[in-house]
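Spelled out from the first residue to the last, the chains are:
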Amino acid sequence: MAFRKIVVERLSSNFREATKIVTYNLAQKPNPGHIFVRNVLCGINASDINFTNGKYMPGLQPPFDAGFEAVGRVASIGDGVTGLKIGDPVVYSAFGAFAEMKEVESRGVIPIPKVSGDALTLVVSGLTASIALEEVAQIQEGETLLVTAAAGATGSFAVQLGKLKGCHVIGTCSTDDKAAFLATLGCDRAINYRRESLFKVLKAEYPKGINAVYESVGGDMFDAAVNNLAVKGRLVVIGFISGYQDGSGWTGPAEAAAGGGGGGPGKTPLAAKLLGKSASVRGFFLNNFAKQWRPHMERLHALVGSGQVRCVSDPTAFAGLESVADAVEYMYKGGNTGKVIVALPE
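Thresholds, definitions, all that
Residues numbered from 1 in each chain as written. Predicted model: local features only at pLDDT ≥ 70, side-chain atom pairs only at ≥ 80, totals over all residues. Heavy atoms only, no water. Bend = angle between axes of the 7 residues up to and from the residue. Helix = DSSP H or I, 4+ residues; strand = E, 2+ residues; numbered from the N terminus. Buried < 20%, exposed > 50% of the residue type's maximum accessible area, 1.4 Å probe, protein only. Pairing = 2+ DSSP bridges. Axes fitted to C-alpha atoms, helices over the stretch in contact; angles between N-to-C directions. Contact = heavy atoms within 4.5 Å. Phe/Tyr/Trp six-rings, centres within 6.5 Å; stacked < 30°, edge-to-face > 60°. Salt bridge = Lys/Arg side-chain N within 4 Å of Asp/Glu carboxyl O. Expected span 1.5 Å × (residues − 1). Arc of directions from axis to C-beta. 1 Å grid on protein atoms, 1.4 Å probe; cavity = no way out; pocket = protein on both sides within 12 Å on 5 of 7 lines; lining within 4 Å. Points joined across faces, edges and corners; volume = space filled by probe spheres on them. Nonpolar A, V, L, I, M, F, W, Y, C, P; charged D, E, K, R; others polar. Disulfide = S-S within 2.5 Å.

S.K.: Tell me about helix 3 (residues 117-137), and please be specific about residues and values.
M.R.: Residue Val123 marks the point of greatest curvature in helix 3, where the axis turns by about 45 degrees. Counting buried residues in helix 3 gives 18 out of 21 residues, a clear majority hidden from the surface. Downstream of helix 3 by one or two residues, Gln138 has phi in the positive range, about 50 degrees.

Dropping the structure here:
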């Protein structure tokens, strides 16, 4: 059977230049314990360009398959697989998800009621927010939580989960429309960093500092957050998107203020800033918390089902593998609100 997929042909943070759509053949039947999934929806993530740039699996050389997550229907079942039948809708996270048909381990897929973008938002974006806030940031009721890129796919979950926990939530964004959207999620203070300095707002309005930060931008945004941490404050780094495209996030501080925010005083070494407040900066990578995926996914499904949390997908339509590069570039221009999704023909 011949299908198409996106393959990384050379290492680069420019997704369009790094990748190519190729035709490949699948065996007549999946390997034991595996299934074939006919993908219907693929999710776009900021780290798609980290993967094409070789940052997630050092030493891996092209060609290799791109993409992290998809929703589809079971198309074929290998020996030893139970609990699934052909046609069942499922969602999964696996390297190489930008494909029309994908072979995956059956234990790695999650059955869902129907094919929907909502399911796709939960796999990476929702789980990242849920686990990072609960296990790493350890947010508590009554604390002040800052979420950067709050109108994005994972930021929108972090805002809602922070509010459910009883936190006062501050969210950064790049437009007034996104600020209005954040208000609908319950965000207490939306900061459009193109109009206001994050550093100055935090310093003036939150003189006691910020208890917890869910940070995905880097650059000036990271500096502004660190400089306004409260005593015993925790900053969780889930990414640094401002330094992905030019590579500066991996090699040193980004010179461009792509993240906005006006970081404020920068002469004091980071270690000294943290020491003086008994504060901490903690890294988070979803793959390191695999044991927590199931309980947190069950929790998220329950919250969505009860209406306490809503999944947010960007309304812009992208169709076919040919549009994946367009979707990645759209996200990096800051145009999206929520999860960017690409639909594949069934």
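S.K.: Can you tell me about the sheet that holds strand 12 (residues 210-215), naming the residues and giving the values?
M.R.: Here we have six strands laid out as an open sheet, ordered 11-10-9-12-13-14, and parallel in their pairing. The open sheet has two edge strands, strand 11 (189-192) and strand 14 (280-283), and neither has a second partner. Direction aside, the axes of adjacent strands within the sheet are offset by 15 degrees on average. When strand 13 (residues 229-237) meets strand 14, the two strands line up parallel, connected through four bridges. The partner of Arg234 across the bridge, within strand 14, is Ser280. Most of the contacts of helix 9 (residues 270-277) go to strand 13, to which it runs at about 130 degrees, and overall it touches strand 13 and strand 14.

S.K.: Talk me through the packing of aromatic side chains; I want residue IDs and the actual numbers.
M.R.: This model, assessed by the stated rule, comprises 11 aromatic pairs. Taking the centre distance of 6.4 Å and the plane angle of 45 degrees together, the rings of Phe3 and Tyr24 count as tilted. Of this pair, Phe3 sits in strand 1 (residues 2-8) while Tyr24 sits in strand 2 (residues 19-25); the two residues are 21 residues apart in sequence, bridging distant segments of the chain. No difference in accessibility class separates Phe3 from Tyr24, as the two residues are buried. Put simply, the rings of Phe51, Tyr56, Phe64, Phe68, Phe95 and Phe285 touch in pairs and so form one group of aromatic residues.

S.K.: I'd love a proper account of the pattern of salt bridges, names of residues and values included.
M.R.: Under the definition given, this model contains 17 salt bridges. Two residues, Arg4 and Glu100, come together in a salt bridge whose shortest N-O distance is 3.0 Å. Of this pair, Arg4 sits in strand 1 while Glu100 sits in the loop between strand 6 (89-93) and strand 7 (101-105); the two residues are 96 residues apart in sequence, bridging distant segments of the chain. Accessibility expressed as a relative area gives 24% for Arg4, which makes it partly exposed. Two residues, Arg73 and Glu346, come together in a salt bridge whose shortest N-O distance is 2.1 Å. In this pair, Arg73 is assigned in strand 5 (residues 69-77) and Glu346 in the segment after strand 16 (341-343), connecting sequence segments 273 residues apart. A relative accessible area of 66% places Glu346 in the exposed class.

S.K.: Quick one: what's the story with the sheet that holds strand 4 (residues 64-65), residue by residue and with numbers?
M.R.: One open sheet accounts for three strands, arranged 2-1-4; its pairing is antiparallel. Strands at the two margins of the open sheet, each flanked by one partner only, are strand 2 and strand 4. Relative to strand 2, strand 1 runs antiparallel, the two being bridged by seven bridges. Bridge pairing links Ile6 to Ile21 in strand 2.

S.K.: Which residues make up the pairing of strand 5, and what values go with them?
M.R.: As paired elements, strand 3 (residues 34-43) and strand 5 share seven bridges and run antiparallel to each other. Looking at strand 5, one finds that Phe36 is bridged to Ser76. In the sheet, strand 5 pairs with strand 6 via five bridges, with the strands oriented antiparallel. Its bridge partner being in strand 6, Gly72 is matched across the sheet by Val90.

S.K.: Let's hear about helix 10 (residues 293-305): which residues, and what values?
M.R.: Each turn of an α-helix holds 3.6 residues, which means side chains three or four residues apart point in the same direction. Taking 1.5 Å per residue as the helical rise, helix 10 with its 13 residues ought to reach 18 Å, and the 18 Å between its terminal C-alpha atoms agrees with that figure. Among all positions of helix 10, only His296, Met297, Leu300 and Leu303 are buried. The buried residues of helix 10 all sit within an arc of 125 degrees when viewed along its axis, so they share a single face. Along helix 10, exposed side chains directed more than 90 degrees from the buried face belong to Arg294, Glu298 and Gly305. Buried residues along helix 10 sit against strand 8 (109-111), helix 3 and helix 4 (153-164). Following helix 10 by one or two positions, Gly307 adopts a phi angle in the positive range, close to 85 degrees.

S.K.: An account of empty space enclosed by the protein is requested, with residue identities and associated values reported.
M.R.: Evaluation of the coordinates by the stated rule reveals one cavity of 30 Å³ or more. Its boundaries defined by the atoms lining it, the largest cavity holds a volume of some 50 Å³. In terms of lining residues, the largest cavity is bounded by Ser130, Leu133, Glu134, Ile139, Leu161, Lys165 and Arg299. In terms of residue count, helix 3 provides more of the lining of the largest cavity than any other element does, three residues in total. Here the residues of the lining of the largest cavity sort into three nonpolar, one polar and three charged.

S.K.: How would you summarise the state of the cysteines if you had to cite specific residues and measurements?
M.R.: Counted according to the given criterion, the structure contains zero disulfides. Here Cys42 stays unpaired: no disulfide links it, and the sulfur of Cys311, its closest cysteine neighbor, is 17 Å away. Note on Cys42: relative accessible area 0%, which makes it buried. Between Cys187, a free cysteine, and Cys173, which holds the nearest cysteine sulfur, the sulfur-to-sulfur gap is 8.0 Å. Residue Cys187 is classed as buried on the basis of its relative accessible area of 10%.

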